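A structural walkthrough
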Amino acid sequence: MAGVDFRGYQQQIDVSQLVMFQSEWPATASLLRANSVQISCFSTSIALACPQAERWDAMLDETRRYCDLAHRCQCGLLRIFAGVVPREMNFAESLQLCRRHLRQLVKIAWPMGCRLVLETHDDWSATARMMQLLDGFDPKQTSVVWDIQHTTNAGETPGQSAKNLGEFLGYVHCKDMIKMPDGRIVQKTCGQGTLPLRDILLTLQSSGYEGWLCLECEKRWQAEAPEPEQSIPAFARYVRSCLPDV
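Described below are features of the structure shown in this document. Being a predicted model, the structure only gives us computed values, none of them experimental.

**Quick notes on the pattern of salt bridges**
The final tally for this structure, using the stated rule, is nine salt bridges. A salt bridge links Asp68 to Arg72, with the shortest nitrogen-to-oxygen separation between them at 3.3 Å. Remark: Arg72 and Asp68 occur in helix α2 (residues 53-73); sequence separation between them is four residues, near one turn of the helix. Taken together, the salt bridges that share partners define one network made up of Asp147, Lys175, Glu216 and Glu218.

Right under this line is the structure:
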């Protein structure tokens, strides 16, 4: 099954505001169907650790727009972030803020048939910390995007990440990368970098994971990253070499 996860288009990062997903949606849907492509997820910019009331109100508006869009597109997943712990807060205070904001978002998203997936990113890259945030939540309503780069950089093995996430594992961001001598992280085609991607794929298979594997292309942020025309087919070949039955 082929899918696409939209994180911006050309200069617009918020695709919910593009005409191709508003008045022109029927034509967009027809194009996707003609190419047998589903929308696996919409990747938003929403971050829970937002203490500014006005900015949070804007994120609530973004949530409503994306939930409406996802409902029309029959896409059941919305990626969000927990974000960076604000400078004026300690971790415990930020944790409570994130949990309160997440409860607000679930009340918007769940009635629209949308499950929120929180990415292992920023100050929540470690899965153990992420599970503190999700303690008491229903994995059918909100779960986790396992971004393999961030958990690896946080010092976790594939087995540790998968075990910690358990039933909350809802989506996977795949990629490969190398660390340059100057400290920069540069994305590479899958199998050409240093991330334990093969071990992660085998861990997912042994754990019974049946969700999406999403290649995260970062050309927007990294000029040195491979072109999508190169990285996407290379990703498909690499996954099939590790998991022949996929």
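Now that the structure has been shown, we can carry on.
**Structural notes on the nonpolar core**
Counting 66 residues, the largest nonpolar core has Phe42, Leu102 and Leu133 as the members making the most contacts within it. Looking at which element gives the most residues to this core, the answer is α2, with eight residues. Non-local contacts of Phe42, meaning those with residues more than four positions away in its chain, are made with Asp5, Phe6, Val15, Phe21, Tyr66, Leu69, Ala70, Cys73, Cys75, Leu77, Leu78 and Arg79. Core analysis: the next-biggest nonpolar cluster, separate from the first, contains six residues, Cys41, Val117, Val145 and Cys214 among them.

**Looking at unusual backbone geometry**
Trans peptide bonds make up most of the peptide bonds, and negative phi angles are found at most residues other than glycine. Of note in the backbone geometry, Ser36 takes a positive phi value of approximately 55° without being a glycine. Even without being a glycine, Gln74 presents a positive backbone phi close to 55°. Within the secondary structure, Gln74 is located in the loop between α2 and β3 (77-81). Residue Gln74 is classed as exposed on the basis of its relative accessible area, which comes to 76%.

**Here we look at the pairing of β3**
For a regular strand, side chains alternate in direction, first toward one face of the sheet and then toward the other. Within β3, five of the five residues are buried, which leaves it mostly tucked inside the rest of the structure. Here strand β2 (residues 37-47) runs beside β3; their pairing, made up of three bridges, is parallel. From the neighbouring strand, Ala47 faces β3, where its bridge partner is Phe81. With respect to chirality, the unit in which β2 leads through α2 into the neighbouring parallel β3 is right-handed. Note: β3 against strand β4 (residues 115-119), four bridges, orientation parallel. Across the sheet, the residue bridging to Ile80 is Leu118, located in β4. Read as a crossover between parallel neighbours, the route from β3 over helix α3 (residues 91-109) to β4 is right-handed.

**Some points on the packing of helix α7 (residues 197-207) against helix α8 (residues 228-242)**
One way to put it is that α7 packs onto α8 with a least axis distance of 10 Å and a crossing angle of 60°. Considered as vectors, α7 and α8 are oriented oblique to each other. Handedness of the α7/α8 crossing: right-handed. Where α7 abuts α8, its residues Leu197, Arg198, Leu201 and Leu202 lie against Tyr238, Val239, Ser241 and Cys242.

**Notes on α3**
Side chains of residues three or four places apart in an α-helix project in the same direction, reflecting 3.6 residues per turn. Between the first and last C-alpha of α3 there are 26 Å, a value that for 19 residues agrees with the 27 Å anticipated at 1.5 Å per step. Listing the buried residues of α3 in full gives Ser94, Leu95, Leu97, Cys98, Arg99, His101, Leu102, Leu105, Val106, Ile108 and Ala109. Lining the buried residues of α3 we find β2, α2, β3, β4, α4 (127-134) and β5 (142-147). Backbone nitrogen of Ala92 and a side-chain oxygen of the N-cap are separated by 3.2 Å at the start of α3; the cap is Asn90.

**Examining the environment of Gln141**
Counting through the fold element by element, Gln141 comes out in the loop between α4 and β5. Taking the C-alpha atoms as reference, Gln141 lies 8.9 Å from Gly113; in sequence the two are 28 residues apart. Not counting the four nearest positions on each side in its chain, Gln141 is found in contact with Val106, Trp110, Cys114, Arg115 and Leu116.

Cut-offs and rules
Residues numbered from 1 in each chain as written. Predicted model: local features only at pLDDT ≥ 70, side-chain atom pairs only at ≥ 80, totals over all residues. Heavy atoms only, no water. Salt bridge = Lys/Arg side-chain N within 4 Å of Asp/Glu carboxyl O. Helix = DSSP H or I, 4+ residues; strand = E, 2+ residues; numbered from the N terminus. Core = buried A, V, L, I, M, F, W, Y, C linked by side-chain atoms within 4.5 Å. Buried < 20%, exposed > 50% of the residue type's maximum accessible area, 1.4 Å probe, protein only. Contact = heavy atoms within 4.5 Å. Pairing = 2+ DSSP bridges. Right-handed = clockwise from strand over helix to strand, strands pointing away. Axes fitted to C-alpha atoms, helices over the stretch in contact; angles between N-to-C directions. Parallel < 35°, antiparallel > 145°, perpendicular 65-115°, else oblique. Left-handed = near helix turned anticlockwise from the far one by under 90°. Expected span 1.5 Å × (residues − 1). Polar contact = N/O pair within 3.5 Å; in protein donor to acceptor, adjacent residues only side chain to side chain.

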